[in-house]
Amino acid sequence: LVQLMESGGGSVQAGGSLRLSCTVSGASGLTFSNRRMGWFRQPPGKEREGVASISSDGSTTIYTDSAKGRFTISLDNAENTLFLLMNNLKVEDTAMYYCAASGGPASASLDPGRFGFWGQGTQVTVSS
């Protein structure tokens with residue numbers, strides 16, 4: 001029933017910034033405040049990898065090494081929207097980016113197997 005939808009992707013030059021957004025639909029009254037949330041990406045020809053995650057209570061965030069210091073995951077509870085702010089983008093950040101959510105309260109995780117709901121993805125392309 002829960003459906004996630006990403007937006008905000010596009011083509012940018014290296015060193016630029018993008019802010020991805022993720023919203024929920026399909027179940028009235030649902031929020032992200034009681035779910036583990038995460039961002040994942042899949043570059044061409046490679047497996048899906050975790051980028052950033054935030055615990056259900058918002059107290060903990062984790063990032064893959066390549067994203068640390070450049071990316072920020074956040075949640076706007078009032079708007080029920082998850083964000084991924086990506087600064088100082090690099091060519092190697094080029095990928096399809098996916099938003100994901102767990103079925104209930106949980107700690108942050110970069111393991112895609114720990115997420116039950118997925119969006120369809122938004123493309124991010126970074127040029128040199």
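Residues numbered from 1 in each chain as written. Predicted model: local features only at pLDDT ≥ 70, side-chain atom pairs only at ≥ 80, totals over all residues. Heavy atoms only, no water.

**Student:** Which residues make up the nonpolar core, and what are the values?
**Tutor:** One finds Trp39, Phe71, Leu84, Met86 and Tyr97 to be the most contacted residues of the largest nonpolar core, which totals 26 residues. For this core, the elements supplying multiple residues, two or more each, are β3 (18-25), β4 (37-42), β5 (49-54), β7 (71-76), β8 (81-86), β9 (95-101) and β11 (122-127). (Core = buried A, V, L, I, M, F, W, Y, C linked by side-chain atoms within 4.5 Å. Buried < 20%, exposed > 50% of the residue type's maximum accessible area, 1.4 Å probe, protein only. Helix = DSSP H or I, 4+ residues; strand = E, 2+ residues; numbered from the N terminus.)

**Student:** How would you sum up the pattern of salt bridges? Please name residues and give values.
**Tutor:** Summed over the entire model, instances satisfying the criterion amount to five salt bridges. A salt bridge links Glu49 to Arg41; the nearest nitrogen and oxygen atoms lie 2.9 Å apart. Residue class for Glu49 comes out partly exposed when judged on its relative accessible area of 28%. Among the residues examined, Arg41 registers a relative accessible area of 4% and is labelled buried. Between Asp111 and Arg114 there is a salt bridge, with the nearest N and O atoms lying 3.8 Å from each other. Salt bridges here are not isolated pairs; linked through shared partners, they connect Arg41, Glu49, Arg70 and Asp93. (Salt bridge = Lys/Arg side-chain N within 4 Å of Asp/Glu carboxyl O.)

**Student:** Explain the packing of aromatic side chains residue by residue, including any values.
**Tutor:** This model, assessed by the stated rule, comprises three aromatic pairs. A network of ring pairs unites the aromatic residues Phe40, Phe115 and Trp118 as a single cluster. We note Arg48 situated over the ring of Tyr98; from NZ or CZ to the ring centre the distance is 3.8 Å. Sitting above the plane of the Trp118 ring, Arg48 keeps its charged end 4.8 Å from the centroid. (Phe/Tyr/Trp six-rings, centres within 6.5 Å; stacked < 30°, edge-to-face > 60°. Lys NZ or Arg CZ within 6 Å of the ring centre and 35° of its normal.)

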